[in-house]
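Each chain, written out:
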Amino acid sequence: MEVIIKVGDQNDNKPVFTQHVYTGSVPEAVGADYEILSVSATDADDPETSNAALRYSIISQDPLAPVPDMFAINPTTGQIRLNEAQLDKKKYPQYTLTVEVADMMGDGYIVTCTAVITVTGSNDNAPQFPWSSYSVSVPEHRKDVEVVRMFVYDNDQPMTPSWLPKFEIVQGNDEGYFNVSTGPCYVDGIIKTVKGLDYEKKRQYTLLVTVENEAPFSTQLPTATATVVVNVEDEDEPPPA
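Criteria and cut-off values
- Residues numbered from 1 in each chain as written.
- Predicted model: local features only at pLDDT ≥ 70, side-chain atom pairs only at ≥ 80, totals over all residues.
- Heavy atoms only, no water.
- Helix = DSSP H or I, 4+ residues; strand = E, 2+ residues; numbered from the N terminus.
- Rg over C-alpha atoms; globule rule 2.2 N^0.38 Å.
- Buried < 20%, exposed > 50% of the residue type's maximum accessible area, 1.4 Å probe, protein only.
- Areas by Shrake-Rupley, 256 points an atom, 1.4 Å probe, with all protein chains shown as cover.
- Pairing = 2+ DSSP bridges.
- Axes fitted to C-alpha atoms, helices over the stretch in contact; angles between N-to-C directions.
- Contact = heavy atoms within 4.5 Å.
- Phe/Tyr/Trp six-rings, centres within 6.5 Å; stacked < 30°, edge-to-face > 60°.
- Lys NZ or Arg CZ within 6 Å of the ring centre and 35° of its normal.

A. Examining the overall build of the chain more closely. Across its full length, the chain holds one helix and 16 strands. Over its C-alpha atoms the chain spans a radius of gyration of 31 Å, topping by over 25% the 18 Å that the globule rule assigns to 241 residues. In terms of its C-alpha atoms, the chain occupies a principal-axis envelope of roughly 125 × 45 × 25 Å. Here the chain, with 241 residues, has 37% of them falling under the buried criterion. With an accessible surface of roughly 14100 Å², the chain has 49% of that area assigned to carbon and sulfur atoms.

Right, dumping it as C-alpha cells:
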C-alpha cells in the first residue's frame, strides 16, 4: 500500500520588508490619489496558504498636520498614495510614516518599516518684471555690448527649477541683432547686441521679452512680458574716401 503524507504548512516565518527605510517625494500642488511610492515584503511560508498572504497598513504619520490621514496605502500591493490634497511645503516639508505588514491576511505576524516622504515645491508662482517697459540707448557699431539688465522676482523656493528664470525675445528681433541670457545671479535677464547697429539704417528697435521658469507652471499662470525700446545713438563717422 502506498501511503501519501501531506505536510501542512505552519506559519513559522515572519514577513520581511525588502528595505528598512523607503523614500519618495510628492509635489505639493498635486491632487489626491497621486501615487508616491511602494513598500514590499516577502514571506517564506507556503504562498498557496494564508500564512504568506500579506496585508499592508499605515499605523502612524509624523507630523499629523494638516490632517492625520494625509496618505493611504493599498493593503495588498503596498502602494502609498496621497489621500488629502492639502500639502504645504513651507509648513510641512517632510512626512515620516510607519508602515506595518502582517501575514495571514493581516491577522498573523507583524513587522514594520519606515517611509519618508519629501514634499517638493511646485511652480505655482510666475516670475514678474518690476517694470513693464524699458527705454535704453546703445551706441551704433558696438557688438556684444550690454543693452539692458532686466531684474525679475519670483515667490517660489529660490534656486529651484520653479524659481530659476528663462528669458526669450519674442518680437522685434527678426534680424537677429540681439540676444538675451540669464545673469550669473539668476535674477536678471541680460540683453546684448549680437552685431553692431547702424543708426543710418534703423534708429530704434522695440523688443518684446517674456520670462518663464525652467520648470513648467503647475497651474495656468499668465506669462510676464516687458517691452524694451532700444534707441541707437549716432556716432561721428568720417566721410567715405
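B. Region of interest: unusual backbone geometry. Looking along the chain, the bond that leaves Asp-62 and enters Pro-63 is cis, with omega of 0°. Structurally, Pro-63 is set in the loop between strand 5 (55–62) and strand 6 (71–73). Pro-66 follows Ala-65 through a cis peptide bond whose omega is -5°. The topology assignment puts Pro-66 in the loop between strand 5 and strand 6. For Met-105, which is not glycine, the phi torsion reads 60° and is therefore positive. Residue position: Met-105 is located in helix 1 (residues 103–106). One non-glycine residue, Asp-144, lies in the positive phi region at around 60°.

C. Spotlight on the sheet that holds strand 15 (residues 204–213). Read from one edge to the other, the open sheet built from four strands follows the order 10-16-15-12, with strand pairing classed as mixed. Every other strand in the sheet has two partners, leaving strand 10 (133–139) and strand 12 (165–171) as the edge strands with one partner each. The average undirected angle you get between the axes of adjacent strands in this sheet is 30°. In the sheet, strand 15 pairs with strand 16 (residues 224–233) via eight bridges, with the strands oriented antiparallel. Looking at strand 16, one finds that Leu-207 is bridged to Val-228.

D. The sheet that holds strand 14 (residues 188–193), seen in detail. Ordered by their spatial adjacency, three strands build an open sheet running 11-14-13, and the pairing between neighbours is antiparallel. In the strand order of this sheet, the two ends are held by strand 11 (146–151) and strand 13 (178–182), each with one partner. Averaged over all pairs of adjacent strands, the angle between their axes in this sheet comes to 20°, without regard to strand direction.

E. Focus on the pairing of strand 13. Judged from the five bridges that link them, strand 13 and strand 14 form a sheet pairing that is antiparallel. Each residue of the ladder has a partner; that of Ser-181, found in strand 14, is Ile-190. The antiparallel hairpin formed by strand 13 and strand 14 contains five residues in its connecting segment, where Tyr-186 sits at a positive phi of about 65°.

F. Structural view of the environment of Ala-226. Along the chain, the position of Ala-226 falls in strand 16. A C-alpha to C-alpha distance of 9.0 Å links Ala-226 and Met-150, two positions 76 residues apart in sequence. Setting aside residues no more than four positions away along its own chain, Ala-226 makes contact with Phe-129, Trp-131, Ser-132, Tyr-134, Met-150, Leu-207, Leu-208 and Val-209.

G. Spatial organisation of the packing of aromatic side chains. In this structure the tally under the stated criterion is seven aromatic pairs. Taken together, a centroid distance of 5.1 Å and an interplanar angle of 70° make the contact between Phe-71 and Tyr-95 edge-to-face. Of this pair, Phe-71 sits in strand 6 while Tyr-95 sits in strand 8 (residues 94–102), and the two are 24 residues apart along the sequence. Tyr-95 shares its class with Phe-71; the two are buried. Between Phe-178 and Tyr-205, the aromatic rings sit 5.4 Å apart at their centres with planes inclined by 75°, giving edge-to-face as the arrangement. In this pair, Phe-178 sits in strand 13 while Tyr-205 sits in strand 15, placing the two residues 27 residues apart along the sequence. The two residues Phe-178 and Tyr-205 agree in class, both being buried. Taken together through their ring pairs, the aromatic side chains of Phe-17, Tyr-22 and Tyr-56 make up a single cluster. Above the ring of Tyr-177, the side-chain terminus of Lys-195 is found at 4.8 Å from the ring centroid.

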